[in-house]
Amino acid sequence: GQSLEQPSEVTAVEGAIVQINCTYQTSGFYGLSWYQQHDGGAPTFLSYNALDGLEETGRFSSFLSRSDSYGYLLLQELQMKDSASYFCAVSKGDKIIFGKGTRLHILP
Amino acid sequence: EPEVTQTPSHQVTQMGQEVILRCVPISNHLYFYWYRQILGQKVEFLVSFYNNEISEKSEIFDDQFSVERPDGSNFTLKIRSTKLEDSAMYFCASHGHAQETQYFGPGTRLLVL
């Protein structure tokens, strides 16, 4: 089967750095993506790793290690607006397979 | 910036009724998708559509579901006889070229009573 595992919830302080991990049991996928979803909103693309290593996009970075079946999303300089759910996802064929999501709580 | 739009934003229906959810993908996109998200759960792939035909579908997408691109702009999802468990948020997504980032619409919240 195919599965992506993420922590269900993470709590961090405004201004800090937080890392959200994703481990997966799937193969033959094109890349690992991260999406942000605010309550009641649509998933919004954040980052994509086609190759192993680190991708940086502003305050957000994402990492992939295919040999370890592992990736993470790193959020720096946390802001209150970053409070949302974050999903890792793999692109397989034409579809995206999503993890169950990590709810990020940010404390002032 | 172009965006995917969906109508209606909310739909309430009686069990057994047919519903049609509508999407207008970004105009030059070629690949179209439907996903659903039951409240509090993950986003689940339903179906992908390319070149006027279904390219892939999940086990959720049974005979009760169908998709159509009736004209050059709309992409619809029809549920023929709704069940209580069809209550969910339904997202449409599109992209232009293979393996590109998918852009999601705002979703239609479907409630089946």
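Going by the structure above, here's the rest.
Conventions and cut-offs
- Residues numbered from 1 in each chain as written.
- Chains lettered and ligands numbered in written order.
- Predicted model: local features only at pLDDT ≥ 70, side-chain atom pairs only at ≥ 80, totals over all residues.
- Heavy atoms only, no water.
- Helix = DSSP H or I, 4+ residues; strand = E, 2+ residues; numbered from the N terminus.
- Rg over C-alpha atoms; globule rule 2.2 N^0.38 Å.
- Buried < 20%, exposed > 50% of the residue type's maximum accessible area, 1.4 Å probe, protein only.
- Contact = heavy atoms within 4.5 Å.
- Areas by Shrake-Rupley, 256 points an atom, 1.4 Å probe, with all protein chains shown as cover.
- Salt bridge = Lys/Arg side-chain N within 4 Å of Asp/Glu carboxyl O.
- Buried area = accessible area lost by both parts, 1.4 Å probe.
- Polar contact = N/O pair within 3.5 Å; in protein donor to acceptor, adjacent residues only side chain to side chain.
- Pairing = 2+ DSSP bridges.
- Axes fitted to C-alpha atoms, helices over the stretch in contact; angles between N-to-C directions.

*Asks:* Would you mind going over the overall build of chain A with me for this structure?
*Replies:* Along the backbone of chain A there are 0 helices and 11 strands. Listing the helices and strands of chain A from first to last along the sequence gives β-β-β-β-β-β-β-β-β-β-β. Over its C-alpha trace chain A gives a radius of gyration of 13 Å, about what one expects of a compact globule, namely 13 Å for 108 residues. Projected onto the principal axes, the alpha-carbon positions of chain A cover approximately 40 × 30 × 20 Å. Going through the 108 residues of chain A one by one, you find that 47% of them count as buried. Pairs at least 24 apart in sequence give 55% of the contacts found in chain A among residues at least 6 apart. Carbon and sulfur atoms make up 50% of the accessible area of chain A, which amounts to about 5000 Å² in all.

*Asks:* Is there a simple way to explain the pattern of salt bridges in this structure?
*Replies:* Any two side chains of opposite charge can pair, on the condition that their charged atoms come close. If you walk through the whole model with that rule in mind, you get 3 salt bridges over all chains. The closest approach of N and O atoms between Asp82 of chain A and Arg59 of chain A, which form a salt bridge, is 2.8 Å. Residue Asp82 of chain A is located in the loop between β8 (70-75) and β9 (84-92), and its partner Arg59 of chain A is located in the loop between β6 (53-57) and β7 (60-65); the two are separated by 23 residues in the primary sequence. Of the charged contacts in the structure, one is a salt bridge between Glu44 of chain B and Arg36 of chain B, with a shortest N-O distance of 3.2 Å.

*Asks:* What exactly am I supposed to notice about the environment of Ile60 of chain B here?
*Replies:* You can see Ile60 of chain B is positioned in the loop between β6 (53-57) and β7 (65-68). The residues contacting Ile60 of chain B, other than those within four sequence positions of it, are Arg36, Glu44, Phe45, Leu46 and Phe65 of chain B.

*Asks:* What's the story with the interface of chain B and chain A in this structure? I'm lost.
*Replies:* Interface extent is often summarised as the accessible area lost during association of the parts. Contact residues are listed per partner, giving 17 residues for chain B and 18 residues for chain A. Carbon and sulfur atoms supply 56% of the area that chain B and chain A bury against each other, a total of about 1500 Å² over both sides. Across the chain B-chain A interface, the total number found is 2 residue pairs in polar contact (both at pLDDT 80 or more).

*Asks:* Any chance you could explain the sheet that holds β8 of chain A here in plain terms?
*Replies:* In any sheet, the strands associate via hydrogen bonds between backbone groups, in a parallel or an antiparallel arrangement. Residue and element names in this part refer to chain A. Taken in spatial order, the 5 strands line up as β1-β3-β8-β7-β6 in an open sheet, and their pairing is antiparallel. Looking at strand neighbours, the two that pair on one side only are β1 (3-5) and β6, the edges of this open sheet. Taking each pair of neighbouring strands and ignoring which way they run, the sheet shows an average axis angle of 20 degrees. Sheet topology places strand β3 (residues 18-25) next to β8; 6 bridges connect them, and they run antiparallel.

*Asks:* Explanation requested: the sheet that holds β7 of chain B in the structure shown.
*Replies:* Residue and element names in this part refer to chain B. Taken together, 4 strands build an open sheet; the order of strands is β1-β3-β8-β7 and the sheet is antiparallel. Sheet topology places β1 (5-7) and β7 at the edges, where each strand pairs with a single neighbour. Between one strand and the next, the sheet's axes are offset by a mean angle of 20 degrees, whatever the strand orientation. Bridging between strand β3 (residues 19-24) and strand β8 (residues 75-79) involves 5 bridges; their strand directions are antiparallel. When the sheet's bridge partners are listed, Ile20 is paired in β8 with Lys78.

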